[in-house]
Amino acid sequence: MKISKYLRFAAAYIVGMMLIIHSKRFLECLNELNAIEENFAYIYSDAALLQGKAEQCEKRKIDCEIWNISESKDLCADLDYSDLAQHGMALAILKGIGVFNCQETEYIFLDSEIRIDLNLLKWMVCSIMSVCCFGMAVFDLSRGSMGKNKSISMLLAAFHCTFYIKLLQYGSLEVPVRSLPGAWSDAEGWRELGEGVLKQMSCLIQYKNYPVICRYYEGIINSMFYLCFSFALSAILFKIVLKRK
């Protein structure tokens, strides 16, 4: 065996191990993201507007946690506290919100400047990633059917199918039915939903240092990073093995 073949074998082994490690890390990030229970985040530039809302939530048995950003030091990253103190910013985080108390929640926090539907964003990201994984699995299977290293193609297809099934499982656990259009044919409703999701994703990035929001941001970014990196490693591994043939 030539030295070049030894090098390709070593490269395939290293890339394969990296693929396994990063695939495992992707699933771990996905588990961490799915374990986050909070449903909504409401952001206020004036903390005084949140006065009495915790009591209203308690009366309606809504799990609410209010953070005065200018006073809290237990955040996910360094913040400019002096600037926040001037604005008196505050954050209300809610969890355990279902179909029956969702309207009450919206009524209580109707005066918030920013509303982030954390459930919707998590579901949307999982849906996008599941579509990507399904597409990669189909692509791998099609390569195998054309005789392009059938064994490695089937192996990679199994990897991506595992991701797809896991994402499908998470995406089906808490479908934000109330946030979705009433029918698949409602083009206007889906357009508005898309615009709303983009706006909320922008807010998620803007306020990524805030309590709880930071965990959603990190979970989404990390899971997407490891998934994309796994796709790249899959393509590299396939090319290395194909050259060996």
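Here the structure is shown first, and the text comes after it.
Just so you know, these numbers come straight off a predicted model, no measurement behind them.

Engineer: Teacher, can you tell me more about the overall build of the protein chain here?
Structural biologist: Check the secondary structure of the protein chain and you find eight helices and four strands. Buried residues in the protein chain amount to 42% of all 245 residues. For the protein chain, the proportion of contacts with a sequence separation of at least 24, taken over those separated by at least 6, is 81%.

Engineer: How should the state of the cysteines be read in this particular structure?
Structural biologist: Among covalent bonds in proteins, the disulfide is the one between the sulfur atoms of two cysteines. Evaluated as defined, the whole model comprises zero disulfides. Between Cys-57, a free cysteine, and Cys-64, which holds the nearest cysteine sulfur, the sulfur-to-sulfur gap is 4.0 Å. Accessibility expressed as a relative area gives 0% for Cys-57, which makes it buried. Note on Cys-132: no disulfide assigned, nearest cysteine sulfur contributed by Cys-133 at a separation of 6.9 Å.

Engineer: What exactly am I supposed to notice about the environment of Ala-48 here?
Structural biologist: With respect to the helices and strands, Ala-48 occurs in the loop between strand S1 (38–44) and helix H2 (53–59). Each C-alpha atom of the pair Ala-48 and Gly-88 lies 8.0 Å from the other, and the pair is 40 residues apart in sequence.

Engineer: In this structure, what is going on with the sheet that holds strand S2 (residues 63–68)? I would like to understand it.
Structural biologist: Pairing between the strands of a sheet comes from backbone hydrogen bonds, and it takes one of two forms, parallel or antiparallel. Overall, antiparallel pairing links the four strands, which are arranged S2-S3-S1-S4 in an open sheet. Each edge of the open sheet is held by one strand with a lone partner, namely S2 and strand S4 (114–117). Going across the sheet, the axis of each strand differs from the next one's by a mean of 15°, ignoring polarity. Both S2 and strand S3 (residues 90–95) contribute to a ladder of six bridges, which runs antiparallel. What sits directly across from Asp-63, in S3, is Lys-95.

Engineer: When you look at the packing of aromatic side chains in this model, what are you seeing that I'm missing?
Structural biologist: In this description, an aromatic ring pair is defined by two values, namely the gap between the centres and the angle between the planes. Applying the stated criterion to the full structure yields eight aromatic pairs. Measuring from ring centre to ring centre gives 4.9 Å for Phe-26 and Phe-163, while their planes differ by 65°; the resulting arrangement is edge-to-face. Separated by 137 residues along the polypeptide, Phe-26 in helix H1 (residues 3–35) and Phe-163 in helix H6 (residues 150–173) bring together distant segments of the chain. The burial state of Phe-26 is the same as that of Phe-163; both residues are buried. Taken together, a centroid distance of 6.4 Å and an interplanar angle of 75° make the contact between Phe-159 and Phe-163 edge-to-face. Of this pair, Phe-159 and Phe-163 both sit in helix H6, four residues apart, roughly one helical turn.

Engineer: Looking at this structure, I do not really get the environment of Lys-95. What am I missing?
Structural biologist: Tracing the backbone shows Lys-95 in strand S3. Look at Lys-95 and you get partly exposed, because its relative accessible area is 26%. For the pair formed by Lys-95 and Glu-65, sequence separation is 30 residues and the distance between their alpha carbons is 8.8 Å. Setting aside residues up to four positions removed in sequence, Lys-95 forms contacts with Glu-37, Glu-38, Asn-39 and Asp-63.

Engineer: Quick question: what am I supposed to make of the side chain of Glu-38 here?
Structural biologist: Inspection of the secondary structure assignment puts Glu-38 in strand S1. On the accessibility criterion, Glu-38 (8% relative accessible area) is buried. Here Arg-215 takes part through its side chain, which lies 3.5 Å from a polar atom of the side chain of Glu-38.

Engineer: Sorry, what's going on with the nonpolar core here?
Structural biologist: For soluble globular proteins, nonpolar side chains are generally found buried alongside one another. By size, the foremost hydrophobic cluster in this structure holds 39 residues, and its most contacted members are Phe-26, Ile-43, Leu-91, Ile-116, Tyr-207, Tyr-210 and Ile-213. Residue assignment for this core shows that the elements contributing at least two residues are H1, S1, S3, S4, helix H5 (118–145), H6, helix H7 (187–206) and helix H8 (213–244). Look past the residues within four positions of Ile-43 in its chain and what remains in contact with it is Met-89, Ala-90, Leu-91, Ser-112, Glu-113, Ile-114, Ile-116, Tyr-207, Tyr-210 and Ile-213. The next biggest cluster of nonpolar side chains, apart from the first, holds 14 residues, and it includes Tyr-44, Ile-62, Cys-64 and Leu-94.

Engineer: Could you clarify how one ought to interpret the pattern of salt bridges in this entry?
Structural biologist: For side chains of opposite charge, pairing can occur when their charged atoms come near one another. Overall, the coordinates contain nine salt bridges when judged by the stated rule. Residue Glu-37 is joined to Lys-95 by a salt bridge in which the shortest nitrogen-to-oxygen separation is 3.7 Å. Placement of Glu-37 in the loop between H1 and S1 and of Lys-95 in strand S3 is noted, with a sequence separation of 58 residues between them. Judged by relative accessible area, Glu-37 falls into the exposed class, the value being 52%. Where salt bridges share partners, they join Lys-24, Arg-25, Glu-28 and Glu-32 into one cluster.

Engineer: Looking at this structure, I do not really get H5. What am I missing?
Structural biologist: Since the α-helix packs 3.6 residues into each turn, any two residues three or four apart lie on the same face. Spanning 28 residues, H5 covers 41 Å between terminal C-alpha atoms, matching the ideal 40 Å at 1.5 Å per step. Sitting at the head of H5, Asp-117 places a side-chain oxygen 3.3 Å from the backbone nitrogen of Asn-119. Gly-147, located one to two residues past H5, shows a positive phi value of around 85°.

Analysis parameters
Residues numbered from 1 in each chain as written. Predicted model: local features only at pLDDT ≥ 70, side-chain atom pairs only at ≥ 80, totals over all residues. Heavy atoms only, no water. Helix = DSSP H or I, 4+ residues; strand = E, 2+ residues; numbered from the N terminus. Buried < 20%, exposed > 50% of the residue type's maximum accessible area, 1.4 Å probe, protein only. Contact = heavy atoms within 4.5 Å. Disulfide = S-S within 2.5 Å. Pairing = 2+ DSSP bridges. Axes fitted to C-alpha atoms, helices over the stretch in contact; angles between N-to-C directions. Phe/Tyr/Trp six-rings, centres within 6.5 Å; stacked < 30°, edge-to-face > 60°. Polar contact = N/O pair within 3.5 Å; in protein donor to acceptor, adjacent residues only side chain to side chain. Core = buried A, V, L, I, M, F, W, Y, C linked by side-chain atoms within 4.5 Å. Salt bridge = Lys/Arg side-chain N within 4 Å of Asp/Glu carboxyl O. Expected span 1.5 Å × (residues − 1).

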